[in-house]
Amino acid sequence: MVSTSGDVLADPSILSSFREELLMMADILTPNLKEASNLLGGMRLETVADMRHAAKLLHSLGPRSVLVKGGDLPESFDAVDVFFDGEEYHELRSPRVKTRNTHGTGCTLASCIAAELAKGSSMLSAVKVTPLWLCMCFYSYALAKRYVETALEYSKDIILGNGAQGPFDHFLRLKHNSGTGVTFSGNDLFLYAVTDSGMNEKWGRPMEVAVKEAIEGGATIIQLREKNAETRKFIETAKACLKICRPYKVPLLINDRIDVALASDADGVHLGQSDTPAQVARALLGPEKAIGVSCKTVEQAHQAWVDGADYIGCGGVYPTSTKANNTTVGLDGLKTVCLASKLPVVAIGGINASNAIPVLGIGAPNLKGVAVVSAVFDRSSVATETRNLHSMLTEAVSKAN
Ligand SMILES: Cc1ncc(COP(=O)(O)OP(=O)(O)O)c(N)n1
Ligand SMILES: Cc1ncsc1CCOP(=O)(O)O
């Protein structure tokens, strides 16, 4: 209705239609201060207390939730948005980004929320008590707000055009990777090397050496799967391995441990069905880190997508002795999950140079590669085995195209 720069985007005559017809159909109303004021007959909105009052009044007009955005409060205030769902208020504060490049922030925030709702997220539902659950309940909103804040920070120095407001860069995610130089894509799953320190010990190799050899042999992504490591040692190992991976721009993910991923600034995590839910991991890690989830069923694959995962790992494709009591899904189970998944998939479990080709041949375009442990790490030369597997996979893919 009214942009942050004060431009009136819709004639005041539409206000009655908003109040009488539209608002009662809305899941969420996200007015800026000027819009909230207009909808409320010119009410003055100058403080957070005013915003809370306005949120309640707007809620009474019909929307299930209201988010009054405080970007236009005086500069002395943090950026505060007030969320009200008819029962509870939440003030969502973040440092104010000083920039003239705010054009499109409101539309972007609303679009992000809509996109997350469309994915089935229930983020604006009842508010739970602990900060973590709060974070989850607001996941879509938190993600949207974080996206907008990150984009604002990223775009703040762009000089384009002569207007009072400048543009805001929506494509930061394509260019921005928190300075790590590594941005995950599904193609990274082509040859996924998952470490095992027991195998390294057996062959007398430090973890860093194993990781370096795997990368030099062609591994396109690494996962540190340390089932028995002490936390401090795990963090140190992750940092040491990141120093190896970063120059090659090969992502390094941490198995199970979000704390280790955060502490080491790794590129993401891989989570199983009994680990921290991906939705919580996303809220904790933010939008830029990669999250993989192990899925054996169509339902799990759907949930991983809803929860904001980036890829799924499906298996065991073949029997394996690396992971105890792991059910084998077979090539048929893999295909079923792939065809149902909206996310890229990597196959795992018992895969090696002698049986990898039929895996890639199942006929699922989103099956992006294979993940292996023993096929590369339980061998005398990690580099040679990885190189061999890489060239077989490359040849199989080029023949198929
Ligand atoms: C790429 C990939 N896929 C699946 C798994 C298995 O993860 P999970 O189910 O959590 O089992 P553990 O690895 O934790 O034993 C994986 N690690 N990586
Ligand atoms: C971690 C994991 N998850 C499913 S199977 C598996 C083990 C894969 O190891 P390997 O490649 O040696 O069979």
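For the structure, check the block above.
First things first, this report covers the structure right here in the doc. (Residues numbered from 1 in each chain as written. Chains lettered and ligands numbered in written order. Predicted model: local features only at pLDDT ≥ 70, side-chain atom pairs only at ≥ 80, totals over all residues. Heavy atoms only, no water.)

Overview of the overall build of the chain
Then, in step 1: Across its full length, the chain holds 17 helices and twelve strands.
Then, in step 2: Sorting the 401 residues of the chain into buried and exposed places 48% on the buried side.
Then, in step 3: Here the contacts in the chain between residues at least 6 apart in sequence split such that 60% fall between residues at least 24 apart.
Then, in step 4: Counting only carbon and sulfur atoms, one obtains 55% of the accessible surface of the chain, whose full area is about 18,600 Å². (Helix = DSSP H or I, 4+ residues; strand = E, 2+ residues; numbered from the N terminus. Buried < 20%, exposed > 50% of the residue type's maximum accessible area, 1.4 Å probe, protein only. Contact = heavy atoms within 4.5 Å. Areas by Shrake-Rupley, 256 points an atom, 1.4 Å probe, with all protein chains shown as cover.)

Quick look at the site of ligand 2
Then, in step 1: In the vicinity of ligand 2, the residues found are Arg 225, Thr 320, Thr 322, Lys 323, Asn 326, Ile 348, Gly 349, Gly 350, Val 372, Val 373 and Ser 374.
Then, in step 2: At 2.7 Å from an oxygen atom of ligand 2 is found a main-chain nitrogen or oxygen belonging to Gly 350.
Then, in step 3: Look at ligand 2: alone it shows 370 Å² of surface, and the protein chains cover 92% of it.
Then, in step 4: When grouped by side-chain class, the residues that make up the shell around ligand 2 number three nonpolar, six polar and two charged. (Near = heavy atom within 4 Å. Polar contact = N/O pair within 3.5 Å; in protein donor to acceptor, adjacent residues only side chain to side chain. Nonpolar A, V, L, I, M, F, W, Y, C, P; charged D, E, K, R; others polar.)

Considering the pattern of salt bridges
Where side chains of opposite charge bring their charged atoms close, a pairing between them can arise.
Then, in step 1: With the rule as written, the count across this model stands at eleven salt bridges.
Then, in step 2: Residue Arg 52 is joined to Glu 91 by a salt bridge in which the shortest nitrogen-to-oxygen separation is 2.6 Å. With Arg 52 in helix α3 (residues 48-59) and Glu 91 in strand β4 (residues 89-94), the pair connects residues that are 39 residues apart, well separated along the chain.
Then, in step 3: Given the relative accessible area of 30%, Arg 52 is considered partly exposed.
Then, in step 4: Its salt-bridge partner being Lys 212, residue Glu 216 comes within 2.9 Å of it at the nearest N-O pair. Note that Glu 216 and Lys 212 are positioned in helix α9 (residues 207-217) at a spacing of four residues, about one turn of the helix.
Then, in step 5: Taking relative accessible area as the criterion, Glu 216 reaches 41% and is therefore assigned partly exposed. (Salt bridge = Lys/Arg side-chain N within 4 Å of Asp/Glu carboxyl O.)

Section: the site of ligand 1
Then, in step 1: Around ligand 1, the surrounding shell holds 15 residues, and the nearest of these are Gln 223, Arg 225, Lys 227, Ser 294 and Lys 323.
Then, in step 2: Measuring from an oxygen atom of ligand 1, one finds a backbone N or O atom of Gly 272 at 3.1 Å.
Then, in step 3: Taking 420 Å² as the accessible area of ligand 1 by itself, protein coverage stands at 90%.
Then, in step 4: Split by residue class, the shell around ligand 1 holds four nonpolar, six polar and five charged.

Observations concerning unusual backbone geometry
Then, in step 1: Going from Gly 315 to Gly 316, the amide bond is cis rather than trans, its omega being 0 degrees.
Then, in step 2: Phi is positive for Lys 249, close to 55 degrees, though the residue is something other than glycine.
Then, in step 3: Assignment of secondary structure puts Lys 249 in the loop between α10 (231-248) and β7 (252-255).
Then, in step 4: In the Ramachandran plot, Asn 325 falls in the positive-phi region, its phi being about 55 degrees despite a non-glycine side chain.
Then, in step 5: Here Asn 325 shows up in the loop between β10 (311-315) and α14 (330-340).
Then, in step 6: With a relative accessible area of 81%, Asn 325 lands in the exposed category.

What about the pairing of strand β8 (residues 268-271)?
A regular strand places its side chains so that they alternate between the two faces of the sheet.
Then, in step 1: Both faces of β8 are covered, namely the face carrying Gly 268 and His 270 and the face carrying Val 269 and Leu 271.
Then, in step 2: Judged from the three bridges that link them, β7 and β8 form a sheet pairing that is parallel. Pairing of Asn 255 across the sheet is with His 270, part of β8.
Then, in step 3: With respect to chirality, the unit in which β7 leads through helix α11 (residues 258-264) into the neighbouring parallel β8 is right-handed.
Then, in step 4: For β8 and strand β9 (residues 290-294), the ladder comprises four bridges, and the chain directions are parallel. Its bridge partner lying in β9, Val 269 is registered against Ile 291.
Then, in step 5: In terms of handedness, the path from β8 via helix α12 (residues 278-285) over to β9 forms a crossover that is right-handed. (Pairing = 2+ DSSP bridges. Right-handed = clockwise from strand over helix to strand, strands pointing away.)

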